[in-house]
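# Observations on chain architecture
Residues per chain are reported as follows:
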Amino acid sequence: MGGRSVAAQVFLFQVVIVLLLVVAAVAALVLQVRHDSTQEARNRSLAVAETFANAPGTREALSSPDPTAVLQPRAEAARKQSKMDFIVVMNTDGIRYTHPKPDRIGKKFVGNIEPALRGRTVTEEINGTIGQLVQAVVPVKDPDGTVVGLVSAGITTENVGGVADRQLPILLGAAAAALTLATAGTALVSRRLLRQTHGLGPTEMTRMYEHHDAVLHAVREGVIIIDGGGRLLLANDEAQRLLDLPADAEGRHVHALGLDADTAELLASGRVATDEVHLVDDRLLAINQRPTDLEGAPSGSVATLRDSTELRALSGRAEVARERLKLLYDAGVGIGTTLDVTRTAEELAEVAVPRFADFVTVDLSHAVLTGEEPDAGTTMRRTAVGGIRKDAPLYPLGEEIVFVPSSPQARSLGTGQAHLEPDLGRAPWWMAQDPERAAKVVEYGIHSLITVPLRAGPLVMGLVNFWRSEKPEPFDPEEVALAEELVARAAISIDNARRYTREHAMAVTLQRSLLPRSLPEQSALDLAYRYLPAQAGVGGDWFDVLPLSGTRVAVVVGDVVGHGLHAAATMGRLRTAVHNFSSLDLPPDELLGHLDELVGRIDQDEAEEGSGAAVTGATCLYAIYDPVSRHCTLARAGHPPPAVVLPDGSVEFPEVPAGPPLGVGGLPFETADLELPEGSRLVLYTDGLVEDRERDIGVGLELLRTALVQAGTDASPDGACRAVIDALLPGRASDDIALIVADTRALDAGRVADWEVPSDPAAVGQVRASVSRQLSEWGLEQLEFTTELILSELVTNAIRYGSGPIRVRVLYDRSLICEVSDTSSTSPHLRYAADTDEGGRGLFLIAQLTERWGTRYTPEGKVIWAEQSLAGGFKADFFSGV
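To start, this report covers the structure provided alongside it. (Residues numbered from 1 in each chain as written. Predicted model: local features only at pLDDT ≥ 70, side-chain atom pairs only at ≥ 80, totals over all residues. Heavy atoms only, no water.)

### Considering the overall build of the protein chain
- Helices and strands together make up the secondary structure of the protein chain, namely 24 helices and 31 strands.
- Looking at the protein chain as a whole, 43% of its 882 residues qualify as buried.
- Restricting to contacts in the protein chain with at least 6 residues of sequence separation, those with at least 24 account for 60%.
- As presented, the protein chain carries roughly 44,300 Å² of accessible surface, and 54% of it is formed by carbon and sulfur atoms. (Helix = DSSP H or I, 4+ residues; strand = E, 2+ residues; numbered from the N terminus. Buried < 20%, exposed > 50% of the residue type's maximum accessible area, 1.4 Å probe, protein only. Contact = heavy atoms within 4.5 Å. Areas by Shrake-Rupley, 256 points an atom, 1.4 Å probe, with all protein chains shown as cover.)

Take a look at the structure:
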């Protein structure tokens, strides 16, 4: 290296600095380690001495006959555990009782014990027999404070600082390695510096400066250097051209160069700027500025200037293109999120305002809104309106508009092409649509229009109108193309929504036709219901109310899993089956058993056909309420339990055995029998009311309980339905919901009469007489003849073919019901007797004299019942024929 070059001098200087830093660091480490070792030795010796002096038994051992025998083992154990060099216990004269070396026991302690005899602790550093050490002396005191002995603990500093001393070579080795690496790095940097400068001298450096100066003035980017006071030090040729600087600009303050205030302020401030655009004359200059004193250089700043006028124009057009692509992308994402025609039109308006137009109106054919294919015509309904303000004098939402033939909208509908009106104030064909409204629109500031037809293939479904008011420039042909693309994307979604609306309407029509359109008249229950279809598609929830014999009423709710036409059709089949099974007057568990077999057969038939439309799940709850006994018998197949609101307002969910869903097969269903006080409220529902994706069924049941409690028993069933729906479904339902609220009634005991009849034909006359008296009390004398005839035939049959006991019951409700029960399980059947037959005409007469009759089975036997209308009399036409 020779020591003659600047690089070599820098190298040596750096090596010396690194070496000094290493030596200083090692020295500081050694001193710190020694100080820490001594301090640790003092702390440890004092802590061990105080601990041993105050340990239980130390004071008592000093007063024992042989203190050494007691204290020497303890002291040695404590010394080894605390890793001390010695623990010495002595009397007040300094005579040792303990020592690691037994031959020194009984000898005088080496050290200063005077402070300890006065009751203080003392810590000192001495050269003992084992070397340089630190020892502490602590007094042992009686409870009255008298010093009865001394305890000293000591440790050599070599043992305390031994770890640090052993680490010192490692530290020195690491320091040497660091010095080596620093030296090598410095040497490499120095060598690279030499290679970069190539050992150039002053002449070579001058020539290099001249070359740099030539390059500086030749580049097509302005460069200026300004000192800390704001004076211009250097400006290359491009900077003088861009800023139009005078010839003597260098050396003058930037504020005296004739620049605009903003540019001069930026250059004089010296602040950091990155691509900051300033208008200088007719040029847009992008200015970058950095200070020069970041690395200790003289204060000032360097600025570069670039003419970005053409680049700005290009980037502006690119930005417009990017925004339009972003608009189309957002339209693809934001339009068509639902299968609702109106909502899709609203989404188109939301996307286009204000990014493309200030106001957007969407006009659709009425047929599109109902899901039908639109006919050719110029009558539209305003379906969506969007704008930057709400007070625009355009046709309002919902207005039915008939476009005149000269209007741009009519021409777009006729040609299927977009139409541009750049200046609405000079478009008489547009103003002819509604001159008064058109004048208000122009006065409002709306000056330009693009109208684009909504087309899906050959179908023209409506129009989209884009209105501009804020920008003074009218729409241009490029924006017409963008509007067409935007509307084309929306048209696909609107057509899909239209098709879905049509299919959904068909499915809803089918579903509604399969549900009860009105509830039958009966006196046992005061009923109200709600049926809410799902937000998307039709489902398989259903309900029904079925009058049964003996003033009883059956209430049923069910749910077929899934949505669509198949679920609705399956629901209709199950409802029809329940109607048929209920006509047999079956108990709830038997009815569900038959329904389970039916679903199993449906699944089997679908599987054999390979249609894949099997019933994937169906639930049902069937309840029969008897207003005479106020008993309610229920059975359920995988369905949520009913709710019962008692007259005091409390709500219960009775334990009804939960059978398997319909179609599982192999498991029986069980019934539950509830006795309901008069005025109780029975609530049946499907799972869509209490369960959804965001709410567990347990939470839903508690919400239902709260809603029923808040509704109270004073509310009507319809009010209770409304309260439950409002509480549990604040928005649109995600699943079908069927809800039935039924207030129970009890048949007045005065309207029920029953007698037990002996198995004797002579008892028939007694029955006729009793019934005649009861009908007179009820004011039903017009029914005496037919009722006596009916009961005579039924009682006679029971006596002849049945088995006792025989009971007769007459119920006075909306009709007059006669019931004859016995313990036989044989059921009579209607037949037509021949002319020569002596019997067989009884049931035929009953069928002719009553509205309806039938048989129901009970656990004890059977009941033959017949109902008569309260209109009075018998069928005169029948008897006239006889």
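### Some remarks on the sheet that holds strand β15 (residues 459–468)
- Pairing in this open sheet of six strands is antiparallel, and the strands run β12-β11-β10-β15-β14-β13 from one edge to the other. Strand pairing shows two members of the sheet lacking a second neighbour, β12 (400–402) and β13 (419–421), which therefore form its edges. Between one strand axis and the next, the sheet turns through 30° on average, direction left out of account.
- Two elements, β13 and strand β14 (residues 448–456), share three bridges in a ladder whose sense is antiparallel. (Pairing = 2+ DSSP bridges. Axes fitted to C-alpha atoms, helices over the stretch in contact; angles between N-to-C directions.)

### Details of the nonpolar core
- Grouped together as the largest cluster of nonpolar side chains are 53 residues, with contacts concentrated most on Leu595 and Tyr622.
- Residue contributions to this core peak at seven residues, all from strand β19 (residues 618–626).
- Listed in part, the 35 residues of the second largest apolar core include Ile335, Ala345, Val464 and Ile494. (Core = buried A, V, L, I, M, F, W, Y, C linked by side-chain atoms within 4.5 Å.)

### Remarks on the packing of aromatic side chains
- Throughout the structure, instances matching the rule amount to six aromatic pairs.
- Here Phe356 and Phe466 contribute two aromatic rings whose centre-to-centre distance is 5.2 Å and whose plane-to-plane angle is 85°, an arrangement assigned as edge-to-face. Of the two residues, Phe356 is situated in the loop between α11 (341–352) and β10 (359–364) and Phe466 in strand β15; the sequence distance between them amounts to 110 residues.
- A residue is classified by how much of its surface remains accessible, and Phe356, at 6% relative accessible area, is buried.
- Look at Phe466 and you get buried, because its relative accessible area is 0%. (Phe/Tyr/Trp six-rings, centres within 6.5 Å; stacked < 30°, edge-to-face > 60°.)

### Comments concerning the pairing of strand β11 (residues 379–387)
- Where β10 lies against β11, six bridges are found, and the strand directions are antiparallel. In the sheet register, Phe359 faces β11, and the bridge partner there is Gly387.
- Of the strand pairs in this sheet, β11 and β12 are connected by three bridges, and their pairing is antiparallel. Pairing of Arg381 across the sheet is with Glu400, part of β12.

### Quick notes on a nonpolar patch on the surface
- Taken together, the side chains of Phe13, Ile17 and Leu21 define a hydrophobic patch exposed on the protein surface, amounting to about 320 Å² of accessible area.
- Tracing the sequence through the fold places Ile17 in helix α1 (residues 6–53). (Patch = residues over 30% accessible without salt bridge, like charges linked within 9 Å, V, L, I, M, F, W, Y side chains within 5 Å. Salt bridge = Lys/Arg side-chain N within 4 Å of Asp/Glu carboxyl O.)

### Overview of the side chain of Gln774
- By the secondary structure assignment, Gln774 is in helix α21 (residues 763–778).
- Once residues within four sequence positions are removed from consideration, Gln774 is found in contact with Ala753 and Trp755.

### Regarding the sheet that holds strand β31 (residues 861–869)
- Pairing is antiparallel across the open sheet formed by five strands, whose spatial order is β27-β28-β29-β31-β30. Both edges of this open sheet fall to β27 (752–757) and β30 (852–858), since each of them pairs with a single strand only. On average, each strand axis in the sheet is inclined to that of its neighbour by 15°, with strand direction left out of account.
- Relative to β31, β30 runs antiparallel, the two being bridged by seven bridges. The partner of Trp853 across the bridge, within β31, is Ala866.

### Description of a negative patch on the surface
- Where like charges cluster on the molecular surface, the negative patch consists of Asp244, Asp281, Asp282 and Asp307.
- Take Asp244: it is sitting in the loop between α8 (237–243) and α9 (261–269).
- By relative accessible area, which is 56% here, Asp244 ends up exposed. (Lys, Arg positive; Asp, Glu negative; His and termini not counted. Charge placed at Lys NZ, Arg CZ, Asp CG, Glu CD.)

### A closer look at the side chain of Ser301
- Following the sequence through the fold, Ser301 ends up in strand β9 (residues 300–307).
- Beyond its immediate chain neighbours, meaning those up to four positions away, Ser301 contacts Ile224, Ile225, Ile226, Leu267, Gly270, Gln289, Arg290, Pro291 and Thr292.

### Examining the layout of surface pockets
- Space inside the largest pocket adds up to approximately 940 Å³.
- In this structure, the largest pocket is lined by 32 residues; those nearest its centre are Arg856, Tyr857, Thr858, Pro859 and Glu860.
- Where the lining of the largest pocket is concerned, the elements lending two or more residues are α18 (588–609), β19, β20 (631–637), β28 (806–812), β29 (815–822), β30 and β31.
- Ranked by residue count, the leading element in the lining of the largest pocket is β29, at four residues.
- Across the lining of the largest pocket, the residue classes tally to 12 nonpolar, seven polar and 13 charged. (1 Å grid on protein atoms, 1.4 Å probe; cavity = no way out; pocket = protein on both sides within 12 Å on 5 of 7 lines; lining within 4 Å. Points joined across faces, edges and corners; volume = space filled by probe spheres on them. Nonpolar A, V, L, I, M, F, W, Y, C, P; charged D, E, K, R; others polar.)

### So, empty space enclosed by the protein
- Scanning the entire structure with this criterion turns up one cavity of 30 Å³ or more.
- What the largest cavity holds in volume is close to 150 Å³.
- In terms of lining, the largest cavity is formed by 13 residues, of which the most central are Tyr395, Trp430, Gln433, Arg437 and Trp467.
- Put simply, the parts of the chain that give the lining of the largest cavity at least two residues each are α15 (435–444) and β15.
- Ranked by the residues each element gives to the lining of the largest cavity, the list is headed by α15, at three residues.
- Residues of the lining of the largest cavity, tallied by class, amount to seven nonpolar, three polar and three charged.

Geometry only, nothing functional implied.
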